[in-house]
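Observations on chain architecture
Single-letter residue listing:
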Amino acid sequence: MSTDKDLLPVDPHNEPGHLPIADIPHTPRVTDTDPKAARRAERQVASMFLLSMVFVVLFVVAFVTIDKSAVVYIPVLGVVGASQIALGFTFGMAILLIGTGAIQWAKKLMPDVEVVQERHSMASTPKEDEEAKADYERGKEESGFARYTIIRRTLIGALALFPIPLVIMLRDLWQTPPGENPVELLSTTAWRDGLRIVPDTGETTGEFVKGIRPEDIPVGGLVSALPIDIMEIQKAEHNLNARGKAAIILVRMDPSEIRSQQGEGWDYQGILAYSKICTHVGCPIALYEHRTHHLLCPCHQSTFDLADSGDVIFGPAARRMPQLPIGVDEEGFLVAKSDFQQPVGPSFWERG
Amino acid sequence: MTVKFLAARRRNPAVAIALLLLALVVVGGAYSLASNAQPAVAAMGSQTQVEEGKKLYLEGCSSCHGLNAQGTKYGPTLIGVGAASVHFQVGTGRMPLAAPGAQAVAKPPAYNEDEVAKMAAYVATLAPGPAIPSAEQVDYADADVAKGGVLFRINCAQCHQAAGQGGALTQGKYAPSLMNATPTEIYEAMLTGPQNMPVFSDETLPVEEKKAIIAYVNELQQAPSPGGLSLGRLGPVVEGLFLWTAVFAALIAAAVWIGIKAR
C-alpha cells in the first residue's frame, strides 16, 4: 500500500534499517570555518590539475625524444623499456591527478551537509495492477491461446525442438575421416612393428632420417622421440594428430633397476619407451627424474614410476603410462616392436 | 714359515675367491689404465695435477663418495662421471653439499678454478667420462636461436619452465633457474645430468642443437622486460595473483580515501 505518508520525513530512530551514521551530528570541516584552509585546499586542487597538464607535456616530450629500444634500470622493476615506462607513467599520472583533484575538490570545498533525497514508492498503484491484469486477459482472449489447443501445443513443441540443431552442429568440431571408426582412431597410433624411432627435433617440415642407436642413450638419458615416417603422415592428413598421439620418451636405466614392465622384454638393454601424453587430460610430459625414475606431469602433478610399469604413484591420473615395446633392427637402430597395446592419452567414453 | 703358512691354506675355499678378485682387479685396472690414461692426460694435463686433485678429493669429497670414489650410502660413485661433472658440481658450488637434503643448491664455490680443474683431472682418470666442453663446443655465436627455442620447449621447458625460470619437481626437489647459468655450465648439465636431470647425449642432441639451446637461454638471460615487473615470467597465474592482491589492495585503498569524510 502506498500513501502520502511514505513521502513524509520520519523519525529515523523508529524506522527499521535506519543507519546509525545518521545520528552522528554534522561537524563542519576546517575548510568550512577557516578561510585560509579553504584557500590552501583551493591551491591544492588547482596544483593537481596544473601538474596533470605538466605530465601531458612530458608525455609528448617522452613520445618524441625517447628511443623506442632504449632500456633503463629502475629499482624493484628491473631493466625496463625507457619509452614504455615514461609514456605509461606520464599518461597515468596525468589522468590520476585529474581524478584526485576532482575528489579533493569535492571533499574539501563542495558542501558536505547531509541531505535527504526523497523518493517515490517503487510499487505500482492498485489501479495500475488492475489495468495490467486486464490487458493480459484481453490479449489471451483475443489471440485465442487458451482456445486453440493444437496451436498452443505445436508452438511449445516447435520452440522446444528449435535448439537441437545448435547442439547437433557441435558434432562438426571433430569429423572422423570417412570410413574410420573414432574409437579405433583413439586407440591406435602411427607406431608399428619395425618402425624406426627418431629424436624429436621440433621440425614440422622435411623428413626425419636420423635413427637412434642404443649406445646413443647413456644410463640416465632422456630422448623425446617420434616415428621416422611421421612427417609423411602429417603431410597426408594435413594435421598434427598422428604426431600428437605417437610422441614418446625414451629413458635408459640400469636393467637391474627395472622392477616391472607392462610386457616381458619390452625394454632394450634398459632403454624403455613410454608415451609422452599424460593419461589424465593429455598434457605432454617429459619431466623425468633419472635417479627416482619418476615422471611428473606439470599440469596436475600426476606422477608415474617408469621403473615399475609406469604405474601412477601420485596425482589424478587414473591409468598407468602406456609402454611401447622396442627392439633394434638389423642395422642396429631402435625400432618399435608393435603399436601401443592400450590407447594413449586421456580416457574416453568408449573405454569405460 | 711364510711358505708353510701359505701351503697350509692353499686349499681353503676363500683362496679361490681372493685369487679371482685379484685377477679381476689386475685385469680391470690394466684395462682402464690403458683405455683412459691417454684422454685424461690429453684433456686435463699433467700427472702432478691429477695427484694434487686426488689429494683435494680425499680431503673434501671422499667422506661421502668413498676413498676410491666408489660411492657410499651418502653419495654416488664418481667412477665414469667425467671431468665435466666435477667442473659443474664443484664449479657452481653445488658440491660439497652444505647439508644432505632433497636438493643440491648452487652457492659460492668452495674451491677456486685451479682446484676444480685438479679435481676434475683426478676424477677423469678413474674411468672414461664426459670431458669439460671446449670453448668451441659452447660457442653459440652462429647458433640458430629460434631452433634453440623449439628444442628448449621440447627438452628443457617441462622442468626449467618456458622462460628458464626453473620449477618444482617431486618431494622438495626443484629444477633451478637458468638465469645465471654460463654456456659451459648449461652444456655440462645436458651432458652429465646432474642430480635428477636426465642426460642429453651428444648423439641424440648433437653439439649444434646444444649450441642452439645455449643461444636461446642466453637470449632469455639478456631479454629485457619492457613493461617491468616480470614477476618471474611465470605467466598468468602469478600475474593474476598480483592483480588480486597488490592491485586490488591499491584500488580498495583509493576507494576508502574517496569515502573518508574530510576533516
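Residues numbered from 1 in each chain as written. Chains lettered and ligands numbered in written order. Predicted model: local features only at pLDDT ≥ 70, side-chain atom pairs only at ≥ 80, totals over all residues. Heavy atoms only, no water.

1. Some details on a positive patch on the surface
We count it as follows: What makes a patch is a set of residues exposed beyond 30% relative accessible area and free of salt bridges, joined within 9 Å when like-charged and within 5 Å when nonpolar (Val, Leu, Ile, Met, Phe, Trp, Tyr). All accessible-area figures derive from a Shrake-Rupley calculation using a 1.4 Å probe, and residue coverage is judged against the displayed protein chains alone. By convention in these notes, a salt bridge is any Lys or Arg side-chain nitrogen within 4 Å of a carboxyl oxygen on Asp or Glu. A positive count includes Lys and Arg, and a negative count includes Asp and Glu. His and the chain ends are not counted in either. Charge positions come from single atoms, namely NZ of Lys, CZ of Arg, CG of Asp or CD of Glu. Secondary structure follows DSSP: runs of H or I at least 4 residues long count as helices, runs of E at least 2 residues long count as strands, and numbering of each begins at the N terminus.
A cluster of basic residues, Lys36(A), Arg39(A), Arg40(A) and Arg43(A), forms a positive patch at the surface. Within the element layout of this structure, Arg40(A) appears in helix 2 (residues 35-65).

2. Description of the packing of aromatic side chains
All names here are of chain A. The criterion, for reference: Any Phe, Tyr or Trp ring, taking Trp's six-membered ring, that has another such ring centre within 6.5 Å forms a pair; planes under 30 degrees apart are called stacked, those over 60 apart edge-to-face, and the others tilted. When accessible area is computed with a 1.4 Å probe and restricted to protein chains, residues below 20% of their type maximum are described as buried, those above 50% as exposed, and intermediate ones as partly exposed. We count a charge as sitting over a ring when the NZ of a lysine or the CZ of an arginine lies within 6 Å of the ring centre and within 35 degrees of the ring normal.
Going through the model one piece at a time under the given rule, you end up with six aromatic pairs over all chains. For the pair Phe59 and Phe63, a centre-to-centre distance of 6.4 Å together with 25 degrees between the ring planes defines the contact as stacked. Residue Phe59 and its partner Phe63 are both found in helix 2; the two are separated by four residues, about one turn of the helix. Taking the relative accessible area as the measure of exposure, Phe63 reaches 56% and is therefore exposed. Consider the rings of Phe59 and Phe91, whose centres lie 5.9 Å apart with planes at 50 degrees: the pair is tilted. Highlighted residues: Phe59 in helix 2 and Phe91 in helix 3 (residues 82-108), separated in sequence by 32 residues. By the ring-pair criterion, three or more aromatic residues cluster together here, those being Phe59, Phe63 and Phe91. The lysine or arginine in question, Arg147, covers the ring of Tyr148, its NZ or CZ lying 5.1 Å from the ring centre. The ring of Phe333 has Arg213 lying over it, and the distance from NZ or CZ to the ring centre is 4.2 Å.

3. Let's talk about the side chain of Ser224(A)
Keep this limit in mind: Contacts between residues were defined by any pair of non-hydrogen atoms, one from each residue, lying within 4.5 Å.
By the secondary structure assignment, Ser224(A) is in strand 4 (residues 222-227). Beyond its immediate sequence surroundings of up to four residues, Ser224(A) is in contact with Val198(A), Pro199(A), Asp200(A), Ile248(A), Ile249(A), Lys276(A), Ala286(A), Ile154(B) and Asn155(B).

4. Details of the environment of Gly202(A)
Locating Gly202(A) in the fold gives a position in the loop between strand 3 (197-199) and strand 4. A relative accessible area of 23% means that Gly202(A) is categorised as partly exposed. Spatially, the C-alpha atom of Gly202(A) lies 31 Å from that of Arg171(A), the residues being 31 residues apart in sequence. Here Gly202(A) is in contact with Arg243(A), Val150(B) and Ile154(B), once residues within four sequence places are set aside.

5. Considering the confidence of the model for chain B
Any region with low pLDDT has predicted coordinates that should not be read closely. Residues and elements named next belong to chain B. To keep things clear, this is the line we draw: The predictor attaches a confidence to each residue, called pLDDT, with possible values from 0 through 100.
Taken as a whole, chain B shows an average pLDDT of 84; of its residues, 85% reach a score of 70 or greater. For residues 35-44, every residue scores under 50 in pLDDT, and the model assigns this stretch 16 contacts once sequence neighbours within four places are set aside. The ipTM, which scores confidence in the relative placement of chains, is 0.71 for this predicted complex, and the corresponding pTM is 0.71.

6. What about the state of the cysteines?
All names here are of chain A. Quick reminder of the rule: Disulfide assignment relies on a single distance test, namely cysteine sulfur atoms paired within 2.5 Å.
Applying the stated criterion across every chain yields a total of one disulfide over all chains. Here Cys283 connects covalently by a disulfide to Cys299, the sulfurs 2.1 Å from one another. The sign of the S-S torsion, about -105 degrees, decides the handedness of the disulfide formed by Cys283 and Cys299: left-handed. Here the residue Cys283 occupies a position in the loop between strand 6 (271-275) and strand 7 (287-289), and Cys299 occupies one in the loop between strand 8 (294-296) and strand 9 (303-305), the gap between them amounting to 16 residues.

7. Looking at the interface of chain B and chain A
One widely used convention gives an interface's size as the accessible area the parts lose upon coming together. This is how it is decided: Buried area: the accessible surface (1.4 Å probe) lost by two parts on joining, summed over both. Side-chain atoms alone can form a polar contact between residues adjacent in sequence; in general such a contact is a pair of N or O atoms within 3.5 Å, and within protein one must be able to donate a hydrogen while the other accepts it.
Every contact between the two is made by 35 residues of chain B and, on the other side, 46 residues of chain A. Here chain B and chain A share an interface that buries about 3,100 Å² over both sides, 59% of which is from carbon and sulfur atoms. Our count for the chain B to chain A interface comes out at three salt bridges. Of the charged contacts, one joins Lys147(B) and Glu203(A) as a salt bridge, the two residues approaching to 4.0 Å between their closest N and O atoms. If you look at where chain B meets chain A, you find 17 residue pairs in polar contact (both at pLDDT 80 or more).

8. Digging into the domain arrangement of chain B
All names here are of chain B. Threshold: Segment limits for the domains were obtained from an automatic or database-derived domain assignment.
Here chain B is partitioned into domain 1 (1-132) and domain 2 (133-234). Taken together, the 16 residues of domain 1 in the interface contact 15 residues of domain 2. Of the roughly 1,200 Å² buried where domain 1 meets domain 2, counting both sides, 58% is carbon and sulfur surface. Of all residues in domain 1, the largest losses of buried area upon contact with domain 2 belong to Phe88, Gln103 and Ile132, amounting jointly to 41% of the total for that side. At the boundary of domain 1 and domain 2, one finds zero salt bridges.

9. Quick word on the pattern of salt bridges
Inspection of every chain in the model, using the stated rule, returns 20 salt bridges over all chains. Where Lys118(B) meets Glu52(B), a salt bridge forms, and the shortest distance between an N and an O atom there is 2.5 Å. Of this pair, Lys118(B) sits in helix 6 (residues 113-126) while Glu52(B) sits in helix 3 (residues 47-60), and the two are 66 residues apart along the sequence. Using a relative accessible area of 34% as the deciding quantity, one classes Glu52(B) as partly exposed. A salt bridge links Asp114(B) to Lys118(B), with the shortest nitrogen-to-oxygen separation between them at 3.2 Å. One end of the pair is Asp114(B) and the other is Lys118(B), both in helix 6 and four residues apart, which spans about a single turn. We classify Asp114(B) as partly exposed; its relative accessible area is 43%. Sharing partners across several salt bridges, the network here consists of Arg29(A), Asp32(A), Asp112(A) and Lys261(B).

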